[in-house]
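Results of the structural survey
Given next are the chains, with one letter for each unit.
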Amino acid sequence: MRTCVQRFVCPNKPVYSTGVRSTFVYPNGGTYKGYWLRNECNAWGVKTTAERTASDYAQKKQPEGQLKYSGTWSKGKRQGCGSVVRKRGTDLQAVYNGQWYDDMKCGMGKQFYTDGCVYFGYWVRNRRHGLGIQWFGDGSIYVGEWETDFRHGLGVHFYANGNRYEGHFARGFKNGEGVFYHMHTGQIQKGVWENDNAKTSVVQDEPIIRCNDAPTPYPIPPLHLKYPNEIMCDLFRRYRPMANKPRRRFNDKVSLEFVHHKRQFASFEESVATPTRLDLYPNSGFVCTCNCKIL
C-alpha cells in the first residue's frame, strides 16, 4: 500500500542562495562569480562593474572602462586580501593590490594612480595612514609617515633634481624642524619650516656633499669686521654686571631646565657651528672653555 505525503511550504519563508554560482548578473550590468552565503558574497569571488563610456565620464566624472575585484569577501563586503584592476577593452591597468576591511582599503597595500603616482604602505579607511612610500610622477619620492591621506610626521622627500629634505611634515607640507640638502650647490640648510617655506634657517657650505666638482655658484660670503676683538670685548664688559645678579628661585630654575631639555631636540647639530677665529679672552677677563683651537 502506497502512502502519499503532502509537503507544505511556507510562502513567507525567504529563499537564500548559498554555495557557488558560475555567473550572477546584476540589474546595472555588473557580474559576480564565486561563493555566496545567504544571498551575500562570501569567501572568494570576482566582481566586475558595468562598463563605463566616455559620456559616463563626462557626466559622473568616473573613469572609463570596467573595475574588476578579485579577492575575499565577508557578508557582501570586500575583506581580506584582494586586487582591483581597470579593464579598457583589452588593456588591463592595476589600481590597488592589498588588504581590505569592511569594503575599504585597510592595512598594507599598493595603489596605482592615474597621474603616474604609486603608493605603497599602510591604509586606514581608504586613506594613506601610517608608514608609506610614494613615487610621484615628476620623479620625486617621499618616504615617511602619513595621516589621513596627507604627509604628516617625520619623513624624507627626495626631489628629482637630487636635493632632499629630512624633517617634519604637517598637512602635506614641510612644517617644523628640518634639514634641506642642496646637493648641487654643496650647502646644507637647517631650520624651521612653515607650509613649505623656511621661516628661519642656517646655511652651511659642505663641498663634500656636492654632486659635481664645479665651484659653488652661491657661496656664503665671509664675515669681515674691522675691529673684531674690540667689539667683542665691549660686549663682554656691557653684559658682565648681569652675572652678579641674585640667583633665580628654585621653581624658576626647574622650569628653565625643563625648557632647556625640550629645546635640545630643536637645537642644531654641533657641526653647523664653526670654530671662532676671534681672540676673545685676553682683555675681557673671561677664559674660553671650548675645545676649539683659537688662531
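Notes on the structure in this doc start here. Nothing here was measured: the structure is a model prediction, and the numbers come from that model. (Residues numbered from 1 in each chain as written. Predicted model: local features only at pLDDT ≥ 70, side-chain atom pairs only at ≥ 80, totals over all residues. Heavy atoms only, no water.)

Side note on the packing of aromatic side chains
Overall, the coordinates contain 16 aromatic pairs when judged by the stated rule. For the pair Y32 and W36, a centre-to-centre distance of 5.0 Å together with 85° between the ring planes defines the contact as edge-to-face. W36 gets classed as buried once you look at its relative accessible area, which sits at 8%. Between Y119 and W146, the aromatic rings sit 5.3 Å apart at their centres with planes inclined by 80°, giving edge-to-face as the arrangement. With Y119 in strand β8 (residues 118–124) and W146 in strand β10 (residues 141–147), this pair connects stretches of sequence that are 27 residues apart. Each member of the pair Y119 and W146 is classed as buried. Positioned over the ring face of Y69 is R78, at 5.6 Å from the centre of the ring. (Phe/Tyr/Trp six-rings, centres within 6.5 Å; stacked < 30°, edge-to-face > 60°. Buried < 20%, exposed > 50% of the residue type's maximum accessible area, 1.4 Å probe, protein only. Helix = DSSP H or I, 4+ residues; strand = E, 2+ residues; numbered from the N terminus. Lys NZ or Arg CZ within 6 Å of the ring centre and 35° of its normal.)

Some remarks on the pattern of salt bridges
Scanning all chains against the criterion turns up five salt bridges. One salt bridge connects D103 with R78, and the closest N-O pair in it is separated by 2.8 Å. Here the residue D103 occupies a position in the loop between β6 (91–101) and β7 (104–112), and R78 occupies one in strand β5 (residues 77–88), the gap between them amounting to 25 residues. Judged by relative accessible area, which is 30%, D103 ranks as partly exposed. Residue E166 pairs with R164 through a salt bridge whose shortest N-O separation is 2.7 Å. We classify E166 as partly exposed; its relative accessible area is 28%. (Salt bridge = Lys/Arg side-chain N within 4 Å of Asp/Glu carboxyl O.)

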